[in-house]
Amino acid sequence: MTKITHHLTEDLLMGYSAGTLPEAVNLIVATHISLCDACRASLDAYDAVGGVLLERHSHEVSEACLAGALDMIRKGETSATPAPRRGCDLVPAPLADYVGKGLSDVKWRPVGMGVKQAILETSPEATARLLYIPAGTAVPDHSHNGLELTLVLQGAFEDAEGRFARGDIEIADDDLEHMPVADISQDCICLAVTDAPLRFKGLLPRLAQPFLKI
Ligand SMILES: [Zn+2]
């Protein structure tokens, strides 16, 4: 397994721990954590802080409420969350619920130049999509109105920020203009999350934007 060199920010780890992130951002953070021991360790530290805060702010629960809850558990009436689906080699567990059995199930839509995407169903504050970038292909130069997070699942890409391979996450904000180019050796598959429309520089990509839905 290749070593992960591009990690989550403190803000994202904290937001994930606090449960305040939009669903799409939550998904990409959870997927990175499932691949990255370093970020999982940092998350444990934040969760411990949250635990201490909870203890300090403990509220009294009425006897009746407690008895009712215990009763429900005994009768098996709690809304049991289904066991997380097991991920395959390429699709880590947190992503498996959104993708189906595997990448072969994904309904890709072509967005030009051989690039394909599949938008995943999440709450609307941020958008999650899978991107399929054929080996050696460049994604049009673009900048962002908000945050763009890109996690590599297969292959690798390179831009001004460096080289990103499986497990690496790129965090691009308003200021960054970049043109990711996929490695020549293998098609690149990424999970990408945006919280605002991308702004493309060139005219053609801008015309294509309504079709890309980004
Ligand atoms: Zn990490």
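Every chain begins its residue count from 1, and numbering advances along the sequence as written. Given that this is a predicted model, residues contribute local features only at a pLDDT of at least 70 and side-chain atom pairs are listed and counted only at 80 or more, while totals for whole chains, interfaces and linings are drawn from all residues. Water and hydrogen atoms were dropped before computing side-chain values, which therefore reflect all heavy atoms in the structure.

**Here we look at helix α4 (residues 63-75)**
- Going along the chain from the N terminus, every DSSP run of H or I of four or more residues is numbered as a helix, and every run of E of two or more is numbered as a strand. The length a helix should cover is 1.5 Å for every residue beyond the first. With 13 residues, α4 ought to run about 18 Å at 1.5 Å a step, and its terminal C-alpha atoms sit 18 Å apart, in line with that.
- Immediately beyond the C-terminal end of α4, within one or two residues, lies Gly76, with a positive phi of roughly 70°.

**Observations concerning the nonpolar core**
- Only buried Ala, Val, Leu, Ile, Met, Phe, Trp, Tyr and Cys residues count toward a nonpolar core, and they belong to the same one when joined by side-chain atoms within 4.5 Å. Throughout, exposure labels follow a simple rule: accessible area from a 1.4 Å probe, protein chains only, divided by the maximum for the residue type, with under 20% read as buried, over 50% as exposed, and the rest as partly exposed. Of all hydrophobic cores here, the largest spans 35 residues; its most connected members are Leu95, Leu130 and Leu191.
- Those elements giving two or more residues to this core turn out to be α1 (10-18), α2 (23-35), α3 (37-56), α5 (93-99), β2 (116-120), β3 (127-133), β5 (148-154) and β10 (188-194).
- Those residues in contact with Leu95 that lie beyond four places of it in its chain are Leu27, Thr31, Leu120, Leu130, Leu153 and Leu191.
- By size, the runner-up hydrophobic cluster in this structure holds eleven residues, among which are Val115, Leu131, Cys188 and Cys190. Contacts are assigned to residue pairs that have any heavy atoms within 4.5 Å of one another.

**Comments concerning the packing of α2 against α3**
- Two elements in contact, α2 and α3, have axes whose closest approach is 6 Å; the angle formed by their N-to-C orientations is 115°. Judged on the interaxial angle alone, α3 and α2 are roughly perpendicular. For the pair α2 and α3, the sense of crossing is left-handed. Residues His32, Ile33, Ser34 and Leu35 of α2 form the contact with α3, whose participating residues are Asp37, Cys39, Arg40 and Leu43.
- Lys, Arg, Asp and Glu make up the charged group, whereas Ala, Val, Leu, Ile, Met, Phe, Trp, Tyr, Cys and Pro make up the nonpolar group; the residues left over, Gly among them, are polar. When its residues are assigned to classes, the contact of α2 with α3 shows four nonpolar, two polar and two charged. Working convention: axes come from line fits to C-alpha atoms, limited for helices to the stretch in contact. Angles between N-to-C directions cover 0 to 180 degrees. Oblique is the label for every angle not falling under 35 degrees (roughly parallel), over 145 degrees (roughly antiparallel), or within 65 to 115 degrees (roughly perpendicular). Each crossing gets its handedness from the near helix: less than a right angle anticlockwise from the far helix is left-handed, clockwise is right-handed.

**Points about the sheet that holds β2**
- When DSSP finds two or more bridges between a pair of strands, those strands are recorded as paired. With respect to topology, six strands assemble into an open sheet ordered β1-β2-β3-β10-β5-β8, the strand pairing being antiparallel. Only two strands of the sheet have a single neighbouring strand rather than two, namely β1 (109-110) and β8 (169-172).
- Pairing of β1 with β2, which is carried by two bridges, proceeds in the antiparallel orientation. What sits directly across from Pro110, in β2, is Lys116.

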